[in-house]
Amino acid sequence: QYVREASIKGKLVLVLSAYFFEEENSEFWRSQARKTLQAALDRKLNTNVAKNILFFLGDGMGLTTLTAARILKGQLENQPGEETVMTMDTFPNVGLAKTYSVDFQVADSAATATAYLCGVKTNLNIVGVNAAGRNGVCRTQKGNEVTSILKWAKDAGKSVGIVTTTRVQHATPAGSYAHSASRTWYSDADMPDSAKTDGCTDISFQLINNTDIDVIIGGGRKYMTPTGTKDPEYPTDYFSNGERKDGRDLIKEWQNLKTGKVAHYVWNKRSFPFSSPALFEPGDLRYEEERDPSTDPSIIETTEKAIRILQKNPKGFFLLVEGGRIDQAHHAGRASMALHEAVAFDRAIAKGLELTEEHETLTVVMADHSQPLTFNGFPFRGNSILGKSPLWASDMLPYTTLMYGNGPGHKIVNGARPDIRNVDTKSKDYIQQAAVPVDTTTHSGEDVAVLARGPMAHLFQGVNEQNYIAHAMGYAACVGADLRHCEGQTTPPLVHITLEYNKNGARAVSASAALLGNFLSVLLAITVLM
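Not measured: the values here are computed from a predicted model. (Residues numbered from 1 in each chain as written. Predicted model: local features only at pLDDT ≥ 70, side-chain atom pairs only at ≥ 80, totals over all residues. Heavy atoms only, no water.)

Draft legend 1. Highlighting unusual backbone geometry. Backbone geometry at Asn 78 places phi at a positive 65°, although glycine is not the residue there. Within the secondary structure, Asn 78 sits in the loop between helix H2 (63-76) and strand S4 (93-98). On the accessibility criterion, Asn 78 (68% relative accessible area) is exposed. Positive phi outside glycine occurs at Met 396, with the angle close to 65°. Mapped onto the fold, Met 396 is located in the loop between strand S10 (373-375) and strand S11 (402-407). Residue Met 396 is classed as partly exposed on the basis of its relative accessible area of 39%. (Helix = DSSP H or I, 4+ residues; strand = E, 2+ residues; numbered from the N terminus. Buried < 20%, exposed > 50% of the residue type's maximum accessible area, 1.4 Å probe, protein only.)

Laid out in structure tokens, this is it:
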């Protein structure tokens, strides 16, 4: 369907454009635009109360990653790629979320998870605690805990679950159930003695004790068992052994909590059809390109299993599905691996849509933050997204279409960049070049896309603070504090004035009353001016 020709003149590589003859006809583009316009005009608002919430979180899946993954998906299907439509591309409502944390311009996954799951922005490295908490300081988390939409849904009688390609104690899933002054307190072995003395508990302990989560699928089994416990899959690997110093076996404790219910712990896909909790690795799951299909389920399979379990509840469900290794591949500078993770994530979204009904299921897709991935170089149409730019740099060396602003790929050999003319940049192990040398990429701070379909999906548009997402989902499903949607109300709730006592015993009016006072002052001023 298209022709590509290449010629080399000196040190300049010229690649003639791929020819799509129908695209040379103006009517092709006009017809396409008319269909898109009509679809938008025919769209009706879905104002139902959401019975279910499917929340897909692509960790580190910024806009550049979305675009590059779209192209890769098409090229994996032997298409040029640019015109490919991802499943998430079909969502009719799109907005942007501002990702900064209270203390940093560029946030991490813990602060962002607290925002979009709990509805409150916080500080870097803190999860499930507001910004009064301090990183690693246990005593500052007491009294500053915030609950998530998963908890709100559970309290409303819905079934709830988490699916992730990372460890289930990682920042994103932890945001749905844990309250921790440090995102890295995976087990008690990771906590300082001072934190234990002050009464804080590790994230694994909170996983089975804070909220009764119906489905738990991911990795992280070594944080659940006592020190020295041999891993069932890697019994000779010391680093896969259990880590807990308190001697507790949280997997057995979880099973005991489920007495009288159907609950089986599995660690291998051969246990299919698996139950929950299902912890398939000691730490994070394997990358999509490296997993063993006979033992390691894909994110598509785990998403399907979770939905089939949760949808048995007639009251509905909340499910968080995280494509967590998109971010980890980016941190390693491995763009190919990150994009393959994103493609698998998009296929999991397709599976979620296949198993649910749009009229009753709100589906939201977003990223928590971005990564410093750049898409550059004027590559010709149909050029491999993992390939090289046809135009060389001023140092007379080629460079890849995808690069990083910083990362482990920064290398200077004898004062020059590496010559990659004979390097297979499409390899899953290739590390993209980077402008600044760091061991692992940092995140980047631009806004991220929020895509939605289903009941009240029109709430997810415009540019909003990231913490708005939890409130919008809660409103759509009538879970949490704002139940106006299922009560047939749309007006703001009444302002409540509460009186509190300060340390001196004097009464102090709360902030809501102060705001009301300011409002009344403005009304008085307007009246006088009139």
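Draft legend 2. Inspection of the UniProt feature "binding site: Zn(2+)" (unreviewed entry) in the chain at higher detail. With numbering aligned to this structure, UniProt lists the feature "binding site: Zn(2+)" (unreviewed entry) at Asp 59, Asp 327, His 331, Asp 368, His 369 and His 443. In this fold, His 331 is placed in helix H10 (residues 325-331). With relative accessibility at 17%, the residue His 331 sits in the buried group. Every residue in contact with His 331, bar those within four places of it in the chain, is listed here: Gln 371, Pro 408, Asp 439, Thr 440, Thr 441 and His 443. In this fold, Asp 368 is placed in the loop between strand S9 (361-367) and S10. For Asp 368, a relative accessible area of 0% puts it in the buried group. Setting aside residues no more than four positions away along its own chain, Asp 368 makes contact with Leu 57, Gly 58, Asp 59, Gly 60, Thr 99, Ser 109, Thr 112, Tyr 116, Thr 172, Val 448 and Gln 466. In terms of polar contacts, Asp 368 uses its side chain to reach the backbone amide nitrogen of Gly 60, at 3.0 Å. (UniProt positions renumbered as here; feature names shortened; annotations may be inferred. Contact = heavy atoms within 4.5 Å. Polar contact = N/O pair within 3.5 Å; in protein donor to acceptor, adjacent residues only side chain to side chain.)

Draft legend 3. Structural context of the pairing of strand S6 (residues 215-219). Of all five residues making up S6, five are buried, and the element is well covered by its neighbours. Relative to S6, strand S5 (residues 159-167) runs parallel, the two sharing four bridges. Across the sheet, the residue bridging to Ile 162 is Ile 216, located in S6. One ladder, built from two bridges, connects S6 with strand S7 (residues 278-279); its direction is parallel. (Pairing = 2+ DSSP bridges.)

Draft legend 4. Representation of the sheet that holds S10 in the model. Here we have three strands laid out as an open sheet, ordered S10-S11-S12, and mixed in their pairing. What marks the edges here is a single partner per strand, and that holds for S10 and strand S12 (434-437). Ignoring strand direction, the axes of neighbouring strands in this sheet form an average angle of 20°. For S10 and S11, the ladder comprises three bridges, and the chain directions are antiparallel. Along S11, the bridge assignment pairs Leu 373 with Tyr 404. Against the sheet, H2 touches S10 and S11, its axis set at about 55° to S10. (Axes fitted to C-alpha atoms, helices over the stretch in contact; angles between N-to-C directions.)

Draft legend 5. View of helix H3 (residues 109-118). For H3, the buried fraction is high: ten of the ten residues fall into the buried class. Within the span of H3, buried status applies to Ser 109, Ala 110, Ala 111, Thr 112, Ala 113, Thr 114, Ala 115, Tyr 116, Leu 117 and Cys 118. The first or second residue beyond H3 is Gly 119, which carries a positive phi of 80°.

Draft legend 6. Layout of the UniProt feature "active site" (unreviewed entry) in the chain. Residues given the UniProt feature "active site" (unreviewed entry) here are Ser 109. Relative to the elements of secondary structure, Ser 109 occurs in helix H3. Excluding its chain neighbours within four sequence positions, the residues that come into contact with Ser 109 are Asp 59, Ala 171, Thr 172, Arg 183, Asp 368, His 369 and His 443.

Draft legend 7. A look at H2. The first and last C-alpha atoms of H2 sit 20 Å apart over 14 residues, in line with the 20 Å expected at 1.5 Å per residue. When H2 is considered as a whole, its buried residues turn out to be Thr 65, Leu 66, Ala 68, Ala 69, Ile 71, Leu 72, Lys 73, Gly 74 and Gln 75. Considering only its buried residues, H2 is in contact with H10, helix H11 (335-355), S10, S11 and strand S13 (448-453). (Expected span 1.5 Å × (residues − 1).)

Draft legend 8. Representation of the side chain of Ser 389. Relative to the elements of secondary structure, Ser 389 occurs in the loop between S10 and S11. Of the polar contacts made by the side chain of Ser 389, one reaches the backbone oxygen of Leu 391; its length is 3.1 Å. Beyond its immediate sequence surroundings of up to four residues, Ser 389 is in contact with Gly 377, Tyr 399, Thr 400 and Thr 401.

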